[in-house]
Amino acid sequence: MLRLTLCLLTAAATAGTTLAKPPKTPPPAKAAKAGKTAPAPAAEPWTVRSYRFPSDSLVAGFDTKDQGRLKAPVLPTADASAEKVAVFLKKSHACLSAFFTGLGYAPPAGSLLVFDPDSATLVARTTVEFHDLLEAVSGENLASRSMRLASTVQIIEADADAVRDAVAQADKRPDHAALLATLTALVDAGKARIVSDQQAETRSGQKVKVGSTNDRRAASDFDVAADSSSVTNLERNPVGTTLELEPTMGADGETIDVAFFLDHHFAPPVESWITAGARLGTKPVEARAMDFSSAMVNSNTSLLTGQTKLLSVWSPAAGPAKVLQAAFLTMDAVRVLPLENPQLAAWMSAHGELALPTPKSAPPRPEGLPEGMIIRLFHVTSDMLRSVNSPGSYSDTAGGADPFAAPASPASEPRLSIQASALDILKSLGVPFPEGSSATFNQGLNVLLVRNTPENIEFVRQAFSIRRQGEVAKYLAVTTQIVQADAALVRQWQRESRPVADHSGAWKSAQAAVAEKKASVVDMTWLETRSGQKAKAEAGTTFSTAESDYSVSESKSTEDAPAAATQQQPALLPPPPQENKGGAVPSPNPPPPQAKPVVVVASRDHEIISATVEREHIGTTVEVEPVIGADGHMVDLSMQLDYDYAPPTQRPSPEAAAGAALRPEAPVTEFHHVSLSFSTPLLSGSWRLAGVWKPTGTADFDGKEILQAAFVKVTVLPIRQEKP
């Protein structure tokens, strides 16, 4: 029995969840008359399946009432005779039959169960109902075993159109394995290339870092004197690919929440000499700089074991992208077990009939099971069963609590507690339980046994399937595309989108213009994150500058100096006592001793220029913080977009004419940059024309009617296995 408060037994509608009533299956004759296909024939009564079944009891031994202490027998050698194998199969089945009988679930007559203690492999020939039990107990045993989380990250460079097509499909599905396969096929055909491969593994809750870099040392700051002597400090800069992961395994053993950081240098560093903005005499001071080209993404996402995720997309070059690079993460949660032994299944097939023949007929119906009903077992935890119809447990799936519902009772108010069985809970969900049906929960094994009609059994399966989906947090995919086009066309998009909330029409117009070569996508970014979590992606190059400072060193002399240069310094300590001669009383406050004169001598030979080299990011930076609304579809998006639509333009200081005024070194740098910072609500799957600007300051843009527009799309996706 499960202890539940009365509020847990409200109808399923209170939780905001509606379970579809299972359709009634018409008899075969009526189905044929209605033009429908008759139900498929019944499945084979005896089937063979293999399980991973770690069990300390079977390996070390377990106690029985009638046979004493038993443990699983050791396998014969691989070349053993048929008779020896048959003897092993019989002994193994007798041991496992006693084991499951002790748990309260005796195998049906005609079953054959065999177990390998070294590989934790169990092979069973039995009924559908007992296979359900084996699957449930196997899942419970596996849940207690250690798990390794293995990850691979691949970065693929391909034609920009091919990558954009992949991204267009990425926010329609939670598993991006098909997209990775498409781009990998281009690699095999010589139309794309893999630019980076990283592999890492860790355990739940632990960080892992892997880097493949060729580090470069570059100047961070320096001092230069007038005599040309200098001191330079160097800092180490990794150049390559660095990956950091921190995965956390969900309670279901399938869902993985992972925080990740990826830094990839898509081009080698570029060395140059930059002005420090200072002169020593007539000579300008320059610094040796090193600029880096890289893409970085810092975010988090959720995925199921075995799934692949598109982490980010970026352009490895400025301007309209001809190629794009895409990073994919694949992660597997692997139980730490010995390799499965295929020998058991082979022996079962070859010698199972010799050990214990398969019955010619279907197993007899369990005693007391009404006609038309079946028995099914489900592996569920007590927490899942207890909260399967808890109000608000489906908030991510069905929109959360009813805003018009009466306020909840105060926590201090006395509440009626009752003993609710598994049957009570399933009935509260609306599952029909006709006469002869039942539901019992084995808390020791976490097994729910249900006797009911096939339609109602499917209803129970649907209830727990929805519960599992509701437990898994949803994630968000954020796509940003920057389109450049004729100003008149962009203004048309603005007019069309201004009075509506969904700007998908303007985006379709932009796509059509790109296809007709009337517009171009100059940049794009892809990010995944979870609700309420910040995420950041950037790609581009660094731009080095040097900030300088001027100083003159001081030299000090203790020789005589003119009175104007002499300063009287007070004594810091009292003078030593004077000898008393002739009985004279010394003065209690003798005059302080004269301080030695200090001369400050300044010389141009001691002029020093100190400079610090700083790097600014030039390219694209996107920061987002989306929050999923209570209905599961509305998203509140906070976003910061910084975009440099052209490289910086530098103009050095002009030389002054002879005899002209002194001109300090003052080079001018012009940055061609746009910044958008906004918060807005939008519906999942809809596009938003987030900003429009006019690029200026270069020959490519000045005097031309060109505008650039940023389109943003946010999609809410559940973590679920895709149906084949």
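Residues numbered from 1 in each chain as written. Predicted model: local features only at pLDDT ≥ 70, side-chain atom pairs only at ≥ 80, totals over all residues. Heavy atoms only, no water.

Student: Summarise the sheet that holds strand E30 (residues 706-717); cite the residues concerned and give the values.
Tutor: Here 4 strands make up an open sheet; going across it, the order is E22-E21-E30-E29 and the pairing antiparallel. Looking at which strands have only one partner, the edges of the open sheet turn out to be strand E22 (519-530) and strand E29 (687-693). Looking at each pair of strands side by side, their axes are set apart by 20° on average, direction ignored. Note: E29 against E30, 6 bridges, orientation antiparallel. Counterpart to Gly691 in the pairing with E30 is Ala710. Its contacts with the sheet place helix H5 (residues 160-170) against strand E21 (475-486), E22 and E30, and it is angled at close to 40° to E22. Sheet strands in contact with helix H12 (residues 487-497) are E21, E29 and E30, and its direction is about 135° off that of E21. (Pairing = 2+ DSSP bridges. Helix = DSSP H or I, 4+ residues; strand = E, 2+ residues; numbered from the N terminus. Axes fitted to C-alpha atoms, helices over the stretch in contact; angles between N-to-C directions. Contact = heavy atoms within 4.5 Å.)

Student: Explain the pattern of salt bridges to me, using residue names and the numbers behind them.
Tutor: Going through the model one piece at a time under the given rule, you end up with 16 salt bridges. For Glu528, the salt bridge goes to Lys309, with nearest N and O atoms at 4.0 Å. Here the residue Glu528 occupies a position in strand E22, and Lys309 occupies one in strand E15 (residues 308-314), the gap between them amounting to 219 residues. An identical accessibility class is assigned to Glu528 and Lys309; each is buried. Residues joined by salt bridges that share partners form a network here, namely Glu129, Asp132 and Arg376. (Salt bridge = Lys/Arg side-chain N within 4 Å of Asp/Glu carboxyl O. Buried < 20%, exposed > 50% of the residue type's maximum accessible area, 1.4 Å probe, protein only.)

Student: Tell me about the side chain of Gln325, and name the residues and values.
Tutor: Relative to the helices and strands, Gln325 is located in strand E16 (residues 323-335). The class for Gln325 is buried, based on a relative accessible area of 1%. One polar contact links Gln325 to Glu157, side chain to side chain, over a distance of 2.8 Å. Within the structure, the side chain of Gln325 is placed 2.8 Å from the side chain of Trp314, a separation counted as a polar contact. The residues contacting Gln325, other than those within four sequence positions of it, are Ile155, Ile156, Glu157, Val195, His264, Phe266, Ser312, Val313, Trp314 and Pro316. (Polar contact = N/O pair within 3.5 Å; in protein donor to acceptor, adjacent residues only side chain to side chain.)

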